Amino acid sequence: MKIYNTYSRRLEDFAPREDGHVRMYTCGPTVYNYAHIGNFRAYMFEDLLRRQLKVAGYRVTQVMNLTDVDDKTIRGAREAGVSLSDFTATYKRSFFEDLRVLNIEPAEHYPAATDYVPEMIVLIEKLIAAGHAYRSEDGSVYYRVKTFGDYGRLAHLDMSGLKAEARVSQDEYEKESIGDFALWKGWDAADGDVVWDSPWGRGRPGWHIECSAMSIKHLGESFDIHTGGVDNIFPHHENEIAQSEGATGCKPFVRYWMHCGYLVVDGTKMSKSLGNFYTLRDLLGRGYAGREVRYVLMSAHYRQALNFTFSALDAARVSLARLDEFRGRLEEVAGKAKGGSGLAALAPPGWAASRLGEFQAAMGEDLNTPEALAAVFELITDGNRAMNQGSVSAGDAAAVLGVLREMDAVLGVVAVPEAVPDAAALELLEARAKARTTRNWAESDRIRDALAAMGWDVRDGADGAKLKPRRA
Ligand code: AMP
Ligand code: ZN
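Residues numbered from 1 in each chain as written. Chains lettered and ligands numbered in written order. Predicted model: local features only at pLDDT ≥ 70, side-chain atom pairs only at ≥ 80, totals over all residues. Heavy atoms only, no water.

Caption draft 1: Examining empty space enclosed by the protein more closely. The full count for this structure, using the stated rule, is 5 cavities of 30 Å³ or more. Taken together, R41, M44, F45, L48, L297, M298, A300, Y302, L367 and T369 form the lining of the second largest cavity. Classifying every residue of the lining of the second largest cavity by side-chain character gives 8 nonpolar, 1 polar and 1 charged. (1 Å grid on protein atoms, 1.4 Å probe; cavity = no way out; pocket = protein on both sides within 12 Å on 5 of 7 lines; lining within 4 Å. Points joined across faces, edges and corners; volume = space filled by probe spheres on them. Nonpolar A, V, L, I, M, F, W, Y, C, P; charged D, E, K, R; others polar.)

Here it is in structure tokens:
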């Protein structure tokens, strides 16, 4: 699998540090409002990435943080007259609801910043000890950017201006240099009761240190993939690198940096501050479905800007209806198989296998969703033609459904129901269970092979053995 690494500005072959296991970190939402669909473009791209990695055979450990303390959440809680945690709880809940509606797979961990302040303090102490950070008069702590030689490499910035000690303006007198950023903010009245004790007095963490602390805690000092939108590259991710590598001395903090382009409206980034945004519930309220929004969000390559329009949502509805109709037709043809053993034909017909190959090649090449979707629609055209000609057997149709299911493991819009084992397969499964109680392993293996020939894999679990359709 190839992915584009923002750090090198190149397509690179992907290989995780640990064989078969990918560790990835995703900058999550600031929970002060409902996320808009521009935010969900980022979470969607990350969902496609994790699904693709899983299909490629990797185990994935994804961490997505929740920023539940910063200027915006504190201001929101004050204005609403409730505690910070009550205020953010509402938006955390709605965020998870939205993820479900968009069929975005849950990450393995969702750490909230307020639960990791001690870890942040430890990191800041390390940075001070290493000379990378300093205290200011007002009890804040700043990162001394000029001490980190690689600063600006991710964003490809020319740092010569900053390194030459730009004149510090009057209102930023606490900083030694204008590029320095806050790791810890000394308490001020606007913070109210949102405050933690620290070796530097009372205050609260800066935004950037949150992600360094939570990623290192869950994924280690060096991990595989870090994602976000392009607006995260600078300063947020640049600062994460400076903090993490500065504190641990471990390089690289992250091996592959991946960033998605903007969701735009009339050429302008969709954002809360510009007011040109829609939340998912806005769109559901207009009668659109989660999967239609999902489809639009993956219709452009993740690194390209994606222009949001209602006509794109309408077009998504038409495309999905075509997919549904195709699936229904296949199910009808597959259902004609005698005894329902249509899965006996494991290998899909050539035209379907080649479209699956194209689909997989496109997704394996830096998640090229437009090409992958083109392969899906060519599969539909080929399949409809073959069914019109009557040249698709029940077994073939079952196998093409399997192809669709494989594509949908990444796309998540078709939801082809899993095949249900027929009576013959279930009888064999029972016979296998009996053979195993009498420790007749040879018989158990023979039955397993017979099931495999019928298109079923046996999975042994705590609550007995189950049949899963074999992947072609
Ligand atoms: P925020 O809550 O602003 O920190 O944003 C959360 C995530 O959404 C970050 O990864 C941002 O890069 C991403 N994001 C925000 N606006 C857009 C947009 N219009 N298009 C794509 N991604 C966005
Ligand atoms: Zn972050």
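Caption draft 2: Just the pairing of strand 2 (residues 10-13), in detail. Sheet topology places strand 1 (residues 2-5) next to strand 2; 4 bridges connect them, and they run antiparallel. Looking at the pairing, N5 lines up with R10 of strand 2. Between strand 1 and strand 2, which follow one another and run antiparallel, lie 4 residues, and R9 among them has a positive phi close to 55 degrees. (Pairing = 2+ DSSP bridges. Helix = DSSP H or I, 4+ residues; strand = E, 2+ residues; numbered from the N terminus.)

Caption draft 3: Inspection of the environment of G38 at higher detail. Relative to the helices and strands, G38 resides in helix 1 (residues 37-55). Overall, the relative accessible area of 16% leaves G38 in the buried class. When the C-alpha atoms of G38 and E378 are compared, they prove to be 29 Å apart, with 340 residues separating the residues in sequence. Once you skip the residues sitting within four places of it in the chain, G38 turns out to touch L263 and M270. (Buried < 20%, exposed > 50% of the residue type's maximum accessible area, 1.4 Å probe, protein only. Contact = heavy atoms within 4.5 Å.)

Caption draft 4: Broad picture of the site of ligand 1. Near ligand 1 lie 15 residues; those nearest to it are G229, D231, N232, L263 and M270. Between an oxygen atom of ligand 1 and a side-chain N or O atom of N39, the distance comes to 3.1 Å. One of the side-chain N or O atoms of D231 is found 2.4 Å from an oxygen atom in ligand 1. Relative to its free-state accessible area of 490 Å², ligand 1 is covered by the protein chains to the extent of 91%. The set of elements that each furnish at least two residues to the shell around ligand 1 consists of helix 1 and strand 9 (223-229). (Near = heavy atom within 4 Å. Polar contact = N/O pair within 3.5 Å; in protein donor to acceptor, adjacent residues only side chain to side chain. Areas by Shrake-Rupley, 256 points an atom, 1.4 Å probe, with all protein chains shown as cover.)

Caption draft 5: Layout of the coordination of the zinc ion (ligand 2). In this structure, C27 (SG), C211 (SG) and H236 (NE2) serve as the protein donors to the zinc ion (ligand 2), at separations of 2.0 to 2.2 Å. The sequence motif formed by the donor residues of the zinc ion (ligand 2) is C-x183-C-x24-H. Remark: C211 occurs in helix 6 (residues 207-219) and C27 occurs in the loop between strand 3 (21-26) and helix 1; sequence separation between them is 184 residues. A relative accessible area of 1% means that C211 is categorised as buried. (Donors = N, O, S within 2.8 Å, 3.2 Å for Na, K, Ca; no water.)

Caption draft 6: Main features of the nonpolar core. F40, L53, I225, L323 and F359 are the most contacted members of the largest nonpolar core, which totals 79 residues. For this core, the two domains that each supply at least three residues are domain 1 (16-260) and domain 2 (303-411). F359 has contacts with A372, A375, V376, M407, V410 and L411, leaving out every residue within four places of it along the chain. The next biggest cluster of nonpolar side chains, apart from the first, holds 46 residues, and it includes A155, F181, W184 and A213. (Core = buried A, V, L, I, M, F, W, Y, C linked by side-chain atoms within 4.5 Å. Domains from an automatic or database assignment.)

Caption draft 7: Geometry of the layout of surface pockets. Space inside the largest pocket adds up to approximately 790 Å³. Forming the boundary of the largest pocket are 38 residues, of which N39, K72, D231, N232 and K269 lie nearest the centre. Secondary-structure elements contributing two or more residues to the lining of the largest pocket are helix 1, helix 2 (71-80), helix 3 (84-101), helix 6 and strand 9. When residues of the lining of the largest pocket are assigned to their parent elements, the largest contribution, 5 residues, is made by helix 1. Among the residues forming the lining of the largest pocket, the class breakdown is 16 nonpolar, 15 polar and 7 charged.

Caption draft 8: Broad picture of the state of the cysteines. Scanning the model with the defined rule gives 0 disulfides in all. Here C250 is not disulfide-linked; the sulfur of C211 is the nearest cysteine sulfur, at 18 Å. C250 sits in the partly exposed class, given a relative accessible area of 21%. (Disulfide = S-S within 2.5 Å.)

Caption draft 9: Representation of the sheet that holds strand 13 (residues 306-307). Overall, mixed pairing links the 3 strands, which are arranged 12-11-13 in an open sheet. Each of the sheet's edge strands pairs with one partner strand only, and the pair in question is strand 12 (268-269) and strand 13. Bridge count for strand 11 (residues 263-265) against strand 12 is 2 bridges, and the pairing is antiparallel. By the bridge assignment, V264 is partnered in strand 12 with K269.

Caption draft 10: Inspection of the sheet that holds strand 5 (residues 133-135) at higher detail. Here we have 4 strands laid out as an open sheet, ordered 5-6-7-8, and antiparallel in their pairing. Of all the strands in the sheet, the pair left with one neighbour each is strand 5 and strand 8 (203-205). The average undirected angle you get between the axes of adjacent strands in this sheet is 20 degrees. (Axes fitted to C-alpha atoms, helices over the stretch in contact; angles between N-to-C directions.)

Caption draft 11: The pattern of salt bridges, seen in detail. Considering all chains together, one arrives at 32 salt bridges under this definition. A salt bridge links R204 to D71; the nearest nitrogen and oxygen atoms lie 2.6 Å apart. Here the residue R204 occupies a position in strand 8, and D71 occupies one in helix 2, the gap between them amounting to 133 residues. Classification of R204 as buried rests on a relative accessible area of 7%. The exposure class assigned to D71 is partly exposed, which follows from its relative accessible area of 38%. Three or more residues joined by partner-sharing salt bridges are found here, namely R355, E358, E378, D382 and R385. (Salt bridge = Lys/Arg side-chain N within 4 Å of Asp/Glu carboxyl O.)

Caption draft 12: Structural view of helix 11 (residues 350-364). Here helix 11 contains 15 residues, and its C-alpha end-to-end distance of 21 Å stays within 8% of the 21 Å for a straight helix at 1.5 Å per residue. Restricting attention to buried positions, one finds in helix 11 the residues A352, R355, L356, F359, A362, M363 and G364. Residues of helix 11 that are buried in the fold lie against strand 1, helix 1, helix 12 (369-388) and helix 13 (394-411). Backbone geometry just after helix 11 places D366 at a positive phi near 55 degrees. (Expected span 1.5 Å × (residues − 1).)

Such coordinate-based values are descriptive only and should not be taken to indicate function.
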